[in-house]
Amino acid sequence: MNASIAIALLTKLKLIFETDASGEKQDSKFLSFQNGHFSTSKELFYFIQPDKYGIDATETATRRYEFASLFNFIAETDDLITPTPELLQDVYSRVLGAAIPANSHRTAEEEIQYKQAIEYLNKETEVDGVVTTPLTTYEQYEQLHKVALSEYKTRKLEATFAEGIGADVVKEKWLLDEPTLNNNITKALLAWETKGLKEEVEKWLALFNKLAGASPVKTLSDLQSDYTLFSKMYGADQGGAEFSYLPTLFNPSNFFDDGVPWQTLTLDKMEVASLYEKAPAKLREIFELDDSEPGIQHIEFEYAVVSIVREWFPFKEFFNQRFWKLPEGQPMISDGNGGGLIPAFPEKMIFTRNVTIRYERPVSAQPGNAGKLTAEIFRKLEPKMKMKVETKAGRIMERRIKPGAFRTERIHIPDAAAEAKATDAMPAISRKFSASLFKAADFRKFADIHVKPKPPEPPPTPAAPVIIEEKFPSMELLAFICRKMPLCPNPDPALTWT
């Protein structure tokens, strides 16, 4: 895959996942592509239902630890995911201990309402053998609405950027399918409103958030107690060595099963030029452009968006609130512009599977080595960027993960420059002519003789390009949807502090 194709594909994904329902760019989140250090397989997720997948208590605890260690990192605001040296829970724990709450002003009546909100949101009921809560059900139907919306935006983008041969067919199909796709959004919203109790849950959520900030001392105390309980999760590996971890889950919990349908994304040759022109300059700068590589005819893969669930990390209930501050001289959690202890953190993951790449190459060219989609996309990284990925992110990951704890294989991003150097043909020998040859008498003898030149030989008919199709069925982590941390702390000056 040449660099222009990779840039076009990444741009398409950013247009889908970095925009809101109306297509406007969202400043609060960004798409960051995985750097080759987050190789995952289906087995990593088996801890969610150990009985179903036949793993014992030791293996379950180990995989819970592995998952939490991999995905509870702090991210820089960049197109390629780059973890910072600290883990999310380490910074949160320190901040929680140092935070200074404002004076409380919640009345006795509001205290009752606050407890009622908590009871409603967390009330457990059993549906088809599965225990759920109003908040959980709300989030499930919210996700289904987002899926329908994502499918609409994907198809709209395909039609918008369709050019050249076949573009009319794509545009006509969009016009034909648009009412159905739009209706799917409406149906998903209706299900969210009725089965997910959207209005009622949001009313209690708003009340909870409002009243939580009205009693900062109690709220902060509750958060500290919750974190202490969460941090007591521990397990032991096969060797009996104990480890602790903060429980971290994912949703949907069965996304990795082969029978669960995923959405499909395609990229055709005619879309590439338009998408490349719309690519952010920063994204183009991380690749080495080389037009001599095979041209993509078609890319197709299934994808799933998976939320990372951290009940111990109250982003909305704490970091987004203004009822607390830090002591003078403490570093900022975030300056809102990519600086601070937590510039951003991964909120969701994008997985791919059943990848099909169809490309053309000249008969004389050799087919490329089949690899994973991420390795294929980032094969043409600009050397300095590749070095940054391999050194900075790689060393951080090595320090974070216990040796031998992970059984997932790392993706190796081949060094395209080294490969090209190794496979280059011998250079053609250039013939040098001496000026003295043209002064020789024998040369001058032909000056006045008219020699009828031979008719030029017709150029050889170029061989038709060979169409190659590569398929990669295995599940793979492609990117993270990261949440930018807003200005934090951002204490309300109207509150009183002691």
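The preceding data block contains the structure.
What counts as what
Residues numbered from 1 in each chain as written. Predicted model: local features only at pLDDT ≥ 70, side-chain atom pairs only at ≥ 80, totals over all residues. Heavy atoms only, no water. Buried < 20%, exposed > 50% of the residue type's maximum accessible area, 1.4 Å probe, protein only. Helix = DSSP H or I, 4+ residues; strand = E, 2+ residues; numbered from the N terminus. Arc of directions from axis to C-beta. Axes fitted to C-alpha atoms, helices over the stretch in contact; angles between N-to-C directions. Parallel < 35°, antiparallel > 145°, perpendicular 65-115°, else oblique. Contact = heavy atoms within 4.5 Å. Nonpolar A, V, L, I, M, F, W, Y, C, P; charged D, E, K, R; others polar. Salt bridge = Lys/Arg side-chain N within 4 Å of Asp/Glu carboxyl O. Phe/Tyr/Trp six-rings, centres within 6.5 Å; stacked < 30°, edge-to-face > 60°. Lys NZ or Arg CZ within 6 Å of the ring centre and 35° of its normal. Expected span 1.5 Å × (residues − 1). Pairing = 2+ DSSP bridges.

### Comments concerning helix α4 (residues 88-98)
The α-helix winds at 3.6 residues per turn, so residues separated by three or four positions along the chain end up facing the same way. All buried positions along α4 are accounted for by Leu88, Gln89, Val91, Tyr92, Val95 and Leu96. Taken down its axis, α4 places every buried residue within 160 degrees of arc, on the same side.

### Let's talk about unusual backbone geometry
Put simply, Asn251 and Pro252 share a cis peptide bond, and its omega is 5 degrees. Checked against the element boundaries, Pro252 lands in the loop between β9 (249-251) and β10 (263-268). Following Cys488, the chain continues into Pro489 via a peptide bond in cis, with omega recorded as 0 degrees. One can find Pro489 in the segment after β15 (476-484).

### Quick word on the packing of helix α1 (residues 3-17) against helix α10 (residues 269-278)
The geometry of α1 relative to α10 is characterised by a closest axis approach of 8 Å and an angle of 70 degrees between their N-to-C directions. On the basis of their axis angle, the class for α1 and α10 is roughly perpendicular. For the pair α1 and α10, contact is made by Ser4, Ile5, Ile7, Ala8, Thr11, Lys12 and Leu15 and by Glu271, Val272, Leu275, Tyr276 and Lys278, respectively. Among the residues making up the contact of α1 with α10, the classes are represented as seven nonpolar, two polar and three charged.

### A word on the pattern of salt bridges
If you walk through the whole model with that rule in mind, you get 17 salt bridges. Measuring nitrogen to oxygen at the nearest pair gives 2.9 Å for the salt bridge that ties Asp222 to Lys218. Taken together, the residues Asp222 and Lys218, both in helix α9 (residues 216-230) and four residues apart, mark about one turn of the helix. Look at Asp222 and you get partly exposed, because its relative accessible area is 26%. Residue Glu469 pairs with Arg358 through a salt bridge whose shortest N-O separation is 3.0 Å.

### Things to note about the packing of aromatic side chains
Scanning the entire structure with this criterion turns up 37 aromatic pairs. Note on Phe45 and Phe256: the rings are 5.8 Å apart at their centroids and 25 degrees apart in plane angle, and the pair reads as stacked. Here the residue Phe45 occupies a position in the loop between β1 (29-33) and α2 (50-53), and Phe256 occupies one in the loop between β9 and β10, the gap between them amounting to 211 residues. Its end group placed over the ring of Tyr114, Arg106 keeps NZ or CZ at 4.0 Å from the ring centre. One cation-aromatic arrangement involves Arg353 over Trp262; the distance from NZ or CZ to the ring centre is 4.0 Å.

### Observations concerning helix α5 (residues 108-121)
For α5, spanning 14 residues, the distance from its first C-alpha to its last is 20 Å, which sits close to the expected 20 Å at 1.5 Å a residue. Among all positions of α5, only Tyr114, Ala117, Tyr120 and Leu121 are buried. Looking straight down α5, one finds its buried side chains confined to an arc of 130 degrees; they lie on one side. Facing away from the buried surface of α5 by more than 90 degrees, the exposed residues are Ala108, Ile112 and Glu119. Summarising the contacts, the buried residues of α5 are in contact with α6 (134-161), α8 (198-212) and α9.

### Remarks on the pairing of β1
Across the five residues of β1, five count as buried, placing the element largely inside the fold. What you see with β1 is no split at all: Lys29, Leu31 and Phe33 on one side and Phe30 and Ser32 on the other are buried throughout. Across five bridges, β1 lies against β15 in antiparallel orientation. The residue bridging Lys29 from the neighbouring strand is Arg483, located in β15.

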